[in-house]
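Understanding the architecture of this molecule
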Amino acid sequence: MTAQSGPLKVGGRKKNRFLGWAFDKPMHLERIGMMLHRATGVGLLLYLIFHLVVTNAILGGRVFFADVMGMLSNPLTHLGEIIVVAAVGFHGMNGIRLVLISLGVISGRPHRPDFPYKAPSLNKTEKGALWTAFGVAVLSVFLAAFFIVLGG
Amino acid sequence: MKGSKLMLINYLCMILIGITLFLHLATHAFLGVSGYEQSLTYDSVKGRYEAPASAFLLAVLLIVLAFHSIFSFRTTLLEWRHGKGWTKAVNWGAIAVAVVMVAFGMWTIVAAYIAR
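**Here we look at the overall build of chain A**
Across its full length, chain A holds five helices and two strands. The order of α-helices and β-strands along chain A, N terminus first, is β-β-α-α-α-α-α. Burial statistics for chain A: of 152 residues in total, 19% are counted as buried. In chain A, the proportion of contacts linking residues at least 24 apart, taken out of those at least 6 apart, comes to 71%.

**Quick word on the interface of chain A and chain B**
With 25 residues of chain A at the contact, the number on the chain B side is 25 residues. Going through the elements one at a time, helix H1 (17-22), helix H2 (29-55), helix H3 (62-72), helix H4 (75-102) and helix H5 (124-148) of chain A are the ones with two or more residues in the side of chain A that touches chain B. If you tally residues by element for the side of chain A that touches chain B, the top one is H2 of chain A, at nine residues. Grouping the constituent residues of the side of chain A that touches chain B by class yields 15 nonpolar, seven polar and three charged.

**Structural notes on helix H1 (residues 3-29) of chain B**
Along its 27 residues, H1 of chain B runs 38 Å from first to last C-alpha, staying within 8% of the 39 Å computed at 1.5 Å per residue. Looking at H1 of chain B, one finds that the buried residues are Cys13, Ile17, Thr20, Thr27 and His28 of chain B.

**Some points on the environment of glycine 47 of chain B**
Following the sequence through the fold, glycine 47 of chain B ends up in helix H3 (residues 42-50). Under the C-beta neighbour-count criterion, glycine 47 of chain B is labelled partly exposed, with 16 such atoms within 10 Å.

**Things to note about the environment of serine 34 of chain B**
Residues and elements named next belong to chain B. Tracing the backbone shows serine 34 in the loop between H1 and helix H2 (36-39). Here serine 34 falls in the exposed class, since 11 other C-beta atoms lie within 10 Å of it. Between the alpha carbons of serine 34 and isoleucine 17 there is a distance of 24 Å; along the sequence they are 17 residues apart.

**What to know about the confidence of the model for chain A**
Model confidence for chain A is summarised by a mean pLDDT of 82, while 81% of its residues fall at 70 or above. A low-confidence stretch, residues 1-5 of chain A stays under pLDDT 50, and its non-local contacts, those more than four residues away or across chains, total zero contacts.

**Observations concerning the confidence of the model for chain B**
Residues and elements named next belong to chain B. When pLDDT is averaged across chain B, the result is 91; 100% of the residues are at 70 or more. Ranking the helices and strands of chain B by mean pLDDT puts helix H5 (residues 84-114) first, with 95, and H2 last, with 82. Model confidence for the complex: the whole-complex pTM is 0.85, and ipTM, which rates the interface, is 0.91.

**As for the packing of H2 of chain A against H5 of chain B**
The N-to-C vectors of H2 of chain A and H5 of chain B enclose an angle of 30 degrees; their axes lie 9 Å apart at closest approach. It follows from the interaxial angle that H2 of chain A and H5 of chain B lie roughly parallel. The way H2 of chain A lies across H5 of chain B gives a crossing that is left-handed. Contact with H2 of chain A, carried on its side by Ile49, Leu52 and Thr55 of chain A, involves Met101, Phe104, Gly105 and Thr108 of chain B of H5 of chain B and no other residues of that element.

**Section: the nonpolar core**
With 16 residues, the main nonpolar core has Val64, Leu65, Ala66 and Phe67 of chain B as its most contacted residues. When contributions to this core are tallied by element, the ones reaching two or more residues are H1, helix H4 (52-80) and H5 of chain B. Here the element with the most residues in this core is H4 of chain B; it accounts for seven residues. Apart from the residues within four sequence positions on either side, leucine 65 of chain B is in contact with Leu48 of chain A together with Ile17 of chain B. By size, the runner-up hydrophobic cluster in this structure holds 15 residues, among which are Val88, Ala137, Ala144 and Ile148 of chain A.

Thresholds, definitions, all that
- Residues numbered from 1 in each chain as written.
- Chains lettered and ligands numbered in written order.
- Predicted model: local features only at pLDDT ≥ 70, side-chain atom pairs only at ≥ 80, totals over all residues.
- Helix = DSSP H or I, 4+ residues; strand = E, 2+ residues; numbered from the N terminus.
- Buried ≥ 20, exposed ≤ 12 C-beta atoms within 10 Å, placed from the backbone.
- Contact = placed C-beta atoms within 7 Å.
- Nonpolar A, V, L, I, M, F, W, Y, C, P; charged D, E, K, R; others polar.
- Expected span 1.5 Å × (residues − 1).
- pLDDT = per-residue confidence, 0-100.
- Axes fitted to C-alpha atoms, helices over the stretch in contact; angles between N-to-C directions.
- Parallel < 35°, antiparallel > 145°, perpendicular 65-115°, else oblique.
- Left-handed = near helix turned anticlockwise from the far one by under 90°.
- Core = buried A, V, L, I, M, F, W, Y, C linked by C-beta atoms within 7 Å.

Given below as structure tokens:
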């Protein structure tokens, strides 16, 4: 077997390294879950860096901090904060699902691969766990909106 | 360090994130504050840095979040592309970014704590 160099070819066509990783077929629930998990992960990392910079403003004194907070106090930022909380909710719940799968807790027992093949990872418990993650994300939106927009 | 050991540390970080992030968000929603807006005032934020327990919580949250986020991002990057040079660059890049993140965050926490 020879080592492949250059762009990966799948089914006679070139496969984009990034988009192929994210939007490969078949596009099923688990792939969407994985994509969202990674997208929320990268998004939260960027938010964390931004958050560290913003909170550093506390060292600039009362006036400087108030200026920074005033600049960030607008509907668009509040929407961003709600999205961040939803991302945290989804990423956290889906992370628990992934850990439970990797520990073999909800994967079920391995079975003989008979035709027509079904992806063994998509059992009922796992699907339920993934839908729970989506549910937690939606719930997080309402919780965040309650505390951020309505002030708790 | 072995990848399996790093993954175990990552699991531990995930548990700690669950606990500390919940407490952190609670201090912005209902724990010791009257509401979200009030939790973002200078006195409220400064107060959280000045209280030893709260400052400790922030420090732990910072460290575990930095480890988990950078380690996971590193894993994604290593799945995306392969190669000795790439692996080395990603590993050193991940260490550098994590160190900078923790150092910057700790500077805020320690400086605000000392200035009380």
